[in-house]
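# Residue-level structural notes
Chain residues, written in single-letter form:
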Amino acid sequence: MPYIGDELHHSGWNTCSSCFGDTTKKRNRLILPCLGSSRIYVLDTGTDQRAPRLYAVIEPREVFQKCDLALLHTSHCLGNGEIMISAIGDPRGNAKGGFVLLDGKTFEVKGNWERPSQAAPQGYDFWYQPRHNVMMSTEWGVPKFFVTGFNPADLRKGRYGRRLNVWDWTTHCLLQSIDLGEDSAPFKVRFLHNPDAAHGMVGCILQGSVFHFYKTQDGSWTADKVIEIPNKKVSGWLLPEMPAFNTDMVISLDDRFLYMSNFIHGDVRQYDITNPFSPRLVGQVFVGGSIPKSGVVTVLEDPELDGQLDPFMIQGRRVYGGPQMLQLSLDGKRLYVTNNLYTPWDEQFYPELVREGSVMLQIDVDTERGGLCVNEDFLIDFGKEPFGPARAHEMRYPGGDCTSDIWV
């Protein structure tokens, strides 16, 4: 990229399964909104998949002037060919849960998706389900506070999100805000892939919880807590109780399994969600985190583990940081993991990760009975990049994947 400090975070395709049947559409551009600078890059991946090239750059001032939005996060293509990107705040560092629309051909900023004065109080991720005329969005927090790191003094002051916001997909109006609890910080939201399904999951990082949301008989939406990872009582950390920080989720294409990464506790989990009202933990593997032996954190009380684990090693390489972004192969048998979250928080929680660089791991999945196992033969080490250690975040498949494709 031509600039540094952009904080390349998430990415999305210019077209996906929502455009199925339109032969004029090709999945040949990767959209890269920047969390730090609010710049948007467009990469040409169609000319040569093995050598993507820069195709277009949308400068921050265009986003600021046309949308009054900043800190860009999730990118999804829409069935009409447009591209939609969620925002976390405004250019002044205040919270604002709005959405930027791009023209799918010219990549010009068209304006806001939401109706005037209809932005949610806070923003982060989103997912839509057209057959139910609904979109869900989540809330991280107030940017001016979290961009310098996680400060416990910001808790209980309304500076972290708490709502799952329900939108009318046709009118672009905010219909409901489901309260998931003070400082819950709802992060990733996922509908089931079945376009007829009126069910989904949302993870709350400061609660270590997952809520199942669904449509009720009267047409409104509600949410129930179905997974709760207990805090660990610790010393040597920011708080006396350490939450899991379940920062990412992915649902298998057959809607059978939910995979979740716990950035601070250090484990990746597999849940059977055949019954979304009662998920079952069927797989778990530790690949880092803040609680290994010989670290600065001492676990005083742990409802799940008998003791602290050895540091995670693979091919002789100590892996710092915790599991963060996830991507699942289309057959559901290979789960890929990276371990970078967000620069200010990486520097705070895992300074060794910043110094050594991140990795990409492969976890082999038992899709019959459930179960996870690290593939010891697979390692991509971003600490050995020619310009110095790098930290990898989101992963995408050229043909579409479990976290970008939405069926209409």
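See the structure shown above.
Residues numbered from 1 in each chain as written. Predicted model: local features only at pLDDT ≥ 70, side-chain atom pairs only at ≥ 80, totals over all residues. Heavy atoms only, no water.

## Topic: the sheet that holds strand β23 (residues 298-301)
Put simply, the test is: Here, strands pair whenever DSSP counts at least two bridges between them. Every helix listed is a DSSP run of H or I at least four residues long, and every strand listed is a run of E at least two residues long, numbered separately from the N terminus.
Strands sit in the order β18-β17-β23 across an open sheet of three strands; the sheet is antiparallel. Each of the sheet's edge strands pairs with one partner strand only, and the pair in question is β18 (241-242) and β23.

## Points about the pairing of strand β7 (residues 99-102)
What counts here: Each residue is placed in one exposure class: buried if its accessible area under a 1.4 Å probe, protein chains only, is under 20% of its type's maximum, exposed if it is over 50%, and partly exposed if it falls in between.
Both faces of β7 are covered, namely the face carrying F99 and L101 and the face carrying V100 and L102. Judged from the four bridges that link them, strand β6 (residues 83-89) and β7 form a sheet pairing that is antiparallel. Bridged to S86 within β7 is F99. Between the end of β7 and the start of strand β8 (residues 109-112), which pair antiparallel, lie six residues, with F107 showing a positive phi angle near 65°.

## A short note on the nonpolar core
Going by this rule: Only buried residues count toward a nonpolar core. Its members are Ala, Val, Leu, Ile, Met, Phe, Trp, Tyr and Cys residues joined through side-chain atoms within 4.5 Å.
Judged by nonpolar contacts, the single largest core of 31 residues is most densely connected at W140, F245, W345 and F349. For this core, the secondary-structure elements that each account for two or more residues are β5 (70-77) and α3 (343-349). L101, W127, F191 and F213 belong to the second largest nonpolar core, which has 28 residues in total.

## Some thoughts on empty space enclosed by the protein
Counted only if it meets this: A pocket here means an open set of points on a 1 Å grid, computed over the protein atoms alone, that has protein on both sides within 12 Å along at least five of seven lines. A cavity is instead a set of points where a 1.4 Å probe fits but cannot get out; residues with an atom within 4 Å of a point line either one. Grid points are joined across faces, edges and corners, and a volume is the space filled by probe spheres set on the points. Gly is put with the polar residues, along with every residue not named as nonpolar or charged; the nonpolar set is Ala, Val, Leu, Ile, Met, Phe, Trp, Tyr, Cys and Pro, and the charged set is Asp, Glu, Lys and Arg.
One pass over the structure, following the stated rule, counts one cavity of 30 Å³ or more. Of the pockets and cavities examined, the largest cavity occupies roughly 70 Å³. Along its surface, the largest cavity is lined by H10, S11, T74, S75, H76, D125, K188, R190, M325, E394, R396 and T403. At three residues, the largest contribution of residues to the lining of the largest cavity is made by β5. Looking at the lining of the largest cavity, its residues break down into one nonpolar, six polar and five charged.

## Section: the packing of aromatic side chains
Using the following cut-off: Here is the rule: rings of Phe, Tyr and Trp (six-membered ring for Trp) pair when centre to centre is within 6.5 Å. Planes less than 30 degrees apart are stacked, more than 60 are edge-to-face, and the remainder are tilted. The criterion is that NZ of a Lys, or CZ of an Arg, lies within 6 Å of the ring centre and within 35 degrees of the ring normal, and then a charge sits over that ring.
A complete count under the given rule lists 30 aromatic pairs for this structure. Ring centres 5.4 Å apart and planes at 75° place the aromatic pair W140 and Y342 in the edge-to-face group. Here W140 is found in the loop between β10 (134-137) and α2 (143-146), whereas its partner Y342 is found in the loop between β27 (334-338) and α3, with 202 residues between them in sequence. The exposure class assigned to W140 is buried, which follows from its relative accessible area of 1%. For the pair F257 and Y259, a centre-to-centre distance of 6.2 Å together with 50° between the ring planes defines the contact as tilted. Residue F257 is classed as buried on the basis of its relative accessible area, which comes to 3%. With relative accessibility at 0%, the residue Y259 sits in the buried group. By way of ring pairs, the aromatic residues Y124, W140, F146, F150, Y160, F187, W237, F245, Y342, W345 and F349 are connected into one cluster. Lying over the aromatic face of Y55, R29 brings its terminal NZ or CZ to 4.1 Å of the ring centre. In this structure, R39 is placed above the aromatic ring of Y3, and the distance from its NZ or CZ to the ring centre is 3.7 Å.

## Section: the pairing of β10
Covered by surrounding structure in β10 are V134 and M136 together with M135 and S137, the residues of both alternating faces. Pairing between strand β9 (residues 126-129) and β10: four bridges, direction antiparallel. Counterpart to F126 in the pairing with β10 is S137. Linking β9 to β10, which pair antiparallel, is a turn of four residues; within it N133 sits at a positive phi near 50°.

## Quick notes on the state of the cysteines
One covalent bond between the sulfur atoms of two cysteine residues makes up a disulfide. The test is simple: Any two cysteine sulfur atoms lying within 2.5 Å of each other are counted as a disulfide.
Enumeration according to the criterion identifies zero disulfides in this entry. Between C34, a free cysteine, and C67, which holds the nearest cysteine sulfur, the sulfur-to-sulfur gap is 15 Å. According to the relative accessible area criterion, C34 is buried, its value standing at 0%.

## With respect to the sheet that holds β9
Cut-off, in case you're wondering: Working convention: axes come from line fits to C-alpha atoms, limited for helices to the stretch in contact. Angles between N-to-C directions cover 0 to 180 degrees.
Spatially, four strands are ordered β9-β10-β11-β12 in an open sheet, and the strand pairing comes out antiparallel. This sheet does not close on itself; its edge strands, each paired only once, are β9 and β12 (174-179). For this sheet the average axis-to-axis angle between neighbouring strands, irrespective of direction, equals 20°.

## Topic: the side chain of R29
How we decide: The definition of a polar contact used here is a pair of N or O atoms within 3.5 Å, where within protein one atom must be able to donate a hydrogen and the other to accept one, and adjacent residues in sequence count solely through side-chain atom pairs. Should any heavy atoms of two residues lie within 4.5 Å, those residues are considered in contact.
When you line up the elements, R29 lands in strand β2 (residues 29-33). Overall, R29 belongs to the buried group, its relative accessible area being 14%. In terms of polar contacts, R29 uses its side chain to reach the side chain of D44, at 3.1 Å. The contacts of R29, once residues within four sequence positions are left out, are G12, W13, N14, V42, L43, D44, T45, Y55 and F107.

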